[in-house]
Amino acid sequence: MNSGLSLSQIALLAAYAVGMVGGQLLFKTAALQLPGDGPLATRLASLLQNGFFLGAVALYAALSVLWVWVLTFTPLSRAYPFVAIAFALTPLLGGLVFAEPLSARLLIGLAVIVGGLYLVAG
């Protein structure tokens, strides 16, 4: 029995992970637009009117549907390691888009994550 993933499964799982990265970038953008202080009710109201936040929530809802559909024909043990793509890409894009620090230690850790994904899913 072949336990490998098809090219279409790999493409869907990669798209899911990239979508998760997009959602995280939207959440960060929303966070940067929120007032730093003030009453909690005011801050929550501001969040609920933030297009980036609402876009991220909608994206995550769509990704949840995609994930469940993918799991109808892909074993969870083979699919879930692809979430690691988001763990690697999100910090890199956080550095590029938001000028967040990217230390050598972080980059080495991200390389270990990618290597682990290769070992688990390859």
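Scroll up for the structure.
Keep in mind that what you see is a predicted model, and the values were worked out from it rather than measured. (Residues numbered from 1 in each chain as written. Predicted model: local features only at pLDDT ≥ 70, side-chain atom pairs only at ≥ 80, totals over all residues. Heavy atoms only, no water.)

Novice: Describe the overall build of the chain, listing the residues and the values that go with them.
Specialist: Scanning the chain for helices and strands turns up 6 helices and 0 strands. Its helices and strands taken in sequence order, the chain reads α-α-α-α-α-α from the N to the C terminus. Taking 2.2 N^0.38 as the reference for a compact globule, 122 residues should give roughly 14 Å; the C-alpha atoms of the chain span a radius of gyration of 17 Å, well beyond that estimate. Summarising its shape, the C-alpha atoms of the chain cover approximately 60 × 35 × 20 Å along the three principal directions. Looking at the chain as a whole, 29% of its 122 residues qualify as buried. Intrachain contacts of the chain at a sequence separation of at least 6 include 69% that bridge at least 24 residues. Summed over all atoms, the accessible surface of the chain reaches about 7600 Å², with 73% contributed by carbon and sulfur. (Helix = DSSP H or I, 4+ residues; strand = E, 2+ residues; numbered from the N terminus. Rg over C-alpha atoms; globule rule 2.2 N^0.38 Å. Buried < 20%, exposed > 50% of the residue type's maximum accessible area, 1.4 Å probe, protein only. Contact = heavy atoms within 4.5 Å. Areas by Shrake-Rupley, 256 points an atom, 1.4 Å probe, with all protein chains shown as cover.)

Novice: Tell me about the environment of Ser6, residues and numbers included.
Specialist: Tracing the backbone through its elements, the reader meets Ser6 in the segment before helix 1 (7–33). Relative accessible area serves as the criterion here: at 32%, Ser6 is assigned to the partly exposed category. C-alpha of Ser6 to C-alpha of Gly115: the two residues are 109 residues apart in sequence and 20 Å apart in space.

Novice: Go over the packing of aromatic side chains, please, and point to the residues and values.
Specialist: The tally for this structure, following the rule as stated, stands at 5 aromatic pairs. Arranged with centres 5.9 Å apart and planes meeting at 50°, the rings of Phe27 and Phe53 form a pair that is tilted. Within this pair, whereas Phe27 is found in helix 1, its partner Phe53 is found in helix 3 (residues 51–71), the two being separated by 26 residues in sequence. Classification of Phe27 by relative accessible area gives partly exposed; the value is 25%. Each ring, one from Trp69 and one from Phe73, has its centre 4.9 Å from the other, and the planes form 75°; the classification is edge-to-face. (Phe/Tyr/Trp six-rings, centres within 6.5 Å; stacked < 30°, edge-to-face > 60°.)

Novice: Summarise the nonpolar core; cite the residues concerned and give the values.
Specialist: Note that soluble globular proteins tend to have their nonpolar side chains buried in a common cluster. Membership of the largest hydrophobic core comes to 18 residues, with the highest contact counts inside it found for Leu13, Tyr16, Met20, Leu63, Trp67, Phe82 and Ile85. It is helix 1 that contributes the most residues to this core, 6 residues altogether. (Core = buried A, V, L, I, M, F, W, Y, C linked by side-chain atoms within 4.5 Å.)

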